[in-house]
Amino acid sequence: MPSKSRLTFAFFASLSCAFVMMFEDIGEAMGAEWIERWDDHHVWEVMIMAFLFGAIAVLGLEVRKMRRYQETLEDKVNRASDAFEEMLTAYFDQWAFSSAERDVTRLLLKGCSVAEMAEIRNAKEGTIKAQTNSIYKKSGYSGKTQLLSALLEDLTHGGSVSV
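The text that follows walks through the structure, step by step, so that each part is easy to find. Not measured: the values here are computed from a predicted model. Chains are numbered independently. Their residues run from 1 in the order of the written sequence. Only residues with pLDDT of at least 70 get local features here, since the model is predicted, and only at 80 or more are side-chain atom pairs given and counted; chain-wide, interface and lining totals rely on the full set of residues. Side-chain figures throughout are based on the complete set of non-hydrogen atoms in the structure, without hydrogens or water.

Once that is clear, we can look at the packing of aromatic side chains. Only Phe, Tyr and Trp rings take part, Trp by its six-membered ring, and two of them pair if their centres are within 6.5 Å. Stacked means planes under 30 degrees apart, edge-to-face means over 60, and tilted covers everything else. Evaluated as defined, the whole model comprises four aromatic pairs. Site record: aromatic cluster; members linked through ring pairs are Tyr91, Phe92, Trp95, Phe97 and Tyr141.

If you check the backbone angles, alanine 96 has positive phi at about 55° while not being a glycine. Position of alanine 96 among the secondary structure elements: in the loop between α3 (43-94) and α4 (99-110). Buried means the residue's accessible area, taken with a 1.4 Å probe over protein chains only, is under 20% of the maximum for its type, while exposed means over 50%, and partly exposed covers the values in between. Given a relative accessible area of 52%, alanine 96 falls into the exposed group. One non-glycine residue with positive phi stands out, namely asparagine 122, at about 55°. A helix here means a DSSP run of H or I that spans at least four residues, while a strand means a run of E at least two residues long, and both kinds are numbered starting from the N terminus. Here asparagine 122 lies in the loop between α5 (114-121) and α6 (125-139).

Once that is clear, we can look at the packing of α4 against α6. Convention adopted: a line fitted to C-alpha atoms gives each axis, helices being fitted over their contacting stretch, and angles between N-to-C directions are expressed from 0 to 180 degrees. Running from amino to carboxyl end, α4 crosses α6 at an angle of 90°, the nearest separation of the two axes being 10 Å. The angle between α4 and α6 falls in the class roughly perpendicular. The residues of α6 that touch α4, namely those facing Ala100, Glu101, Val104, Thr105 and Leu108, are Ile128, Gln131, Thr132, Ser134, Ile135, Tyr136 and Lys138. Classification convention: Asp, Glu, Lys, Arg as charged; Ala, Val, Leu, Ile, Met, Phe, Trp, Tyr, Cys, Pro as nonpolar; all other residues, Gly among them, as polar. Broken down by class, the residue content of the contact of α4 with α6 amounts to six nonpolar, four polar and two charged. For classification purposes, an angle smaller than 35 degrees is called roughly parallel, one larger than 145 roughly antiparallel, one from 65 to 115 roughly perpendicular, and anything else oblique. Two residues qualify as a contact provided that any one of their heavy atoms is within 4.5 Å of a heavy atom in the partner residue.

This is the structure:
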């Protein structure tokens, strides 16, 4: 996660550049001699560059930190996806699902309707209904909601789905 304090620092460092430039312009307009002397020694430019380099450095660190965080999240999602796939395969084997039943079950879990599944699988709706009935009979669950709930329960608690 990004650091709120670092991002706040970068924001105020950038904002300080604007204030330094305004202060210099206002001081020159008012005829402040010391401001002009500082201008001769490039103090203002050095201050602005220091603020900007500080902001850039902090933002660079935050970008690197956010990339690492993103990679960590992607890794966790991949591991969860792999675990879910392993669990599904184990139950498909246990329930002796055919290849077609496995495909239909995946589509069920994605939330597809019977009509959508028939279109995706290039099959008739009656065939899909027969396959879903077979899925529920073999798995021991009465419907999509019960099947999905049991699978999610197993995935999140590491237990076994009971039939």
